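Chain by chain, the residues:
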Amino acid sequence: MGNSGKNSNTSQFFWTLAPSPQCNGKHVVFGKVISGLSLLQQIEQVAKTNEWPTEVPPHPIAISDCGIWTPLYTPAAGYWYDKPDEESFTGTSPLFLARPRVALVVPNAAAAHKFTQSLGSYCIVVHSEETSQEDQDGTTAAGRIRNDWLATFRADVVLVAPACRNVLQQITTLPESWTKQQQQQQTATEILVEQVVLEAKPVEAMKTVLQKSWLAQQRQQNWQLDGSALL
């Protein structure tokens, strides 16, 4: 939270994109970015010019809409698209295209690059977990993926390369946070671990997300996934 002194809170807040020791002991940290960091970095670049040394961006940046994000039920990433609509007065209708956040489990950086290239701009690769020779049974990698990325809802889907199948075998259940979230929302359709953690080759990555993930089920009911026109 931002303030200008004691008892001056005006509900202002700011994101920090780098260490900010000057805020220690003065401001309250009340949240953490778990999705959309790439958008904040783009906003940061707008003001990062040598010709514009002040803190005010040279172009206006506005938050036109906001709301409560509900994990598993509200898309965590995506964009608005003006879909052509002959029946609309304006000729278009707003459509939100959701972009799945994908965590990768791969044997090396080269495989991660292939997955990222295959997914293109239709998905957001939020993490790439490279397995090591010391972690032969995949326990360590599986624990990091499950606890650091799934339990905190920082990733929607995990794609596992065939060479890392041992990690896939270690993730047999979803985190408790996913179970509680589904119970709170009283959903009729349960999300299964095999719809979240999926094995795929790089060339099949996009098709796997669009057809086999739990997001495909949501796509049929409520969401429109970016890239679904490829099917």
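Values in this document were obtained by computation on a predicted structure and should not be read as measured data.

Undergrad: Can you walk me through the side chain of Glu-129 in this structure?
TA: Structurally, Glu-129 can be placed in strand β4 (residues 124-130). Classification of Glu-129 by relative accessible area gives buried; the value is 5%. Ignoring any residue separated from it by four or fewer positions in sequence, one finds Glu-129 in contact with Leu-104, Val-105, Val-106, Ala-141, Arg-144 and Ile-145.

Undergrad: Help me understand the pairing of strand β5 (residues 157-160) in this model?
TA: Alternating residues of β5 divide into Val-157 and Leu-159 and Val-158 and Val-160, and every residue in both groups is buried. As paired elements, strand β3 (residues 101-106) and β5 share four bridges and run parallel to each other. Among the inter-strand pairings, Val-102 is bridged to a residue of β5, identified as Val-157.

Undergrad: I'm lost on the state of the cysteines in this one. Help?
TA: Disulfides are covalent bonds that link the sulfur atoms of two cysteine residues. Applying the stated criterion across every chain, the model contains zero disulfides. This cysteine, Cys-123, is not joined by any disulfide, and Cys-164 carries the nearest cysteine sulfur, 19 Å off. For Cys-123, a relative accessible area of 6% translates into the label buried. Classification of Cys-164 as buried rests on a relative accessible area of 1%.

Undergrad: Honestly, the packing of aromatic side chains in this entry has me stumped. Any pointers?
TA: To describe a pair of aromatic rings, you give the distance between the ring centres and the angle between the ring planes. In this structure the tally under the stated criterion is three aromatic pairs. Taken together, a centroid distance of 5.3 Å and an interplanar angle of 75 degrees make the contact between Trp-80 and Phe-96 edge-to-face. Of this pair, Trp-80 sits in strand β1 (residues 78-84) while Phe-96 sits in strand β2 (residues 92-98), placing them 16 residues apart in sequence. Residue Phe-96 is classed as partly exposed on the basis of its relative accessible area, which comes to 26%. Three or more aromatic residues joined by ring pairs make a cluster, and in this case those are Phe-153, Trp-178 and Trp-214. Across from the ring centre of Trp-149, 3.9 Å away, lies the NZ or CZ of Arg-154, which sits over that ring.

Undergrad: I tried to follow the sheet that holds strand β7 (residues 224-225) on my own but got confused; where do I start?
TA: Sheet strands associate in pairs through backbone hydrogen bonding, adopting either a parallel or an antiparallel arrangement. Read from one edge to the other, the open sheet built from three strands follows the order β1-β2-β7, with strand pairing classed as mixed. Sheet topology places β1 and β7 at the edges, where each strand pairs with a single neighbour. Taken together, the seven bridges between β1 and β2 define a ladder with antiparallel strand orientation. Bridged to Lys-83 within β2 is Ser-93.

Undergrad: Any chance you could explain the layout of surface pockets here in plain terms?
TA: Think of a ball as big as a water molecule: rolled over the atoms, this probe shows where empty space is left. Of the voids in this model, the largest pocket is the one considered here, and its volume is about 2200 Å³. Around the largest pocket, the lining is made up of 50 residues, and of these Trp-15, Ser-35, Gly-36, Leu-39 and Leu-40 lie nearest the centre. Among the secondary structure elements, those contributing two or more residues to the lining of the largest pocket are α1 (37-46), β1 and β4. Per-element tally for the lining of the largest pocket: the top contributor is α1, with six residues. Residue classes in the lining of the largest pocket are distributed as 30 nonpolar, 17 polar and three charged.

Each value, and the rule that gives it
Residues numbered from 1 in each chain as written. Predicted model: local features only at pLDDT ≥ 70, side-chain atom pairs only at ≥ 80, totals over all residues. Heavy atoms only, no water. Helix = DSSP H or I, 4+ residues; strand = E, 2+ residues; numbered from the N terminus. Buried < 20%, exposed > 50% of the residue type's maximum accessible area, 1.4 Å probe, protein only. Contact = heavy atoms within 4.5 Å. Pairing = 2+ DSSP bridges. Disulfide = S-S within 2.5 Å. Phe/Tyr/Trp six-rings, centres within 6.5 Å; stacked < 30°, edge-to-face > 60°. Lys NZ or Arg CZ within 6 Å of the ring centre and 35° of its normal. 1 Å grid on protein atoms, 1.4 Å probe; cavity = no way out; pocket = protein on both sides within 12 Å on 5 of 7 lines; lining within 4 Å. Points joined across faces, edges and corners; volume = space filled by probe spheres on them. Nonpolar A, V, L, I, M, F, W, Y, C, P; charged D, E, K, R; others polar.

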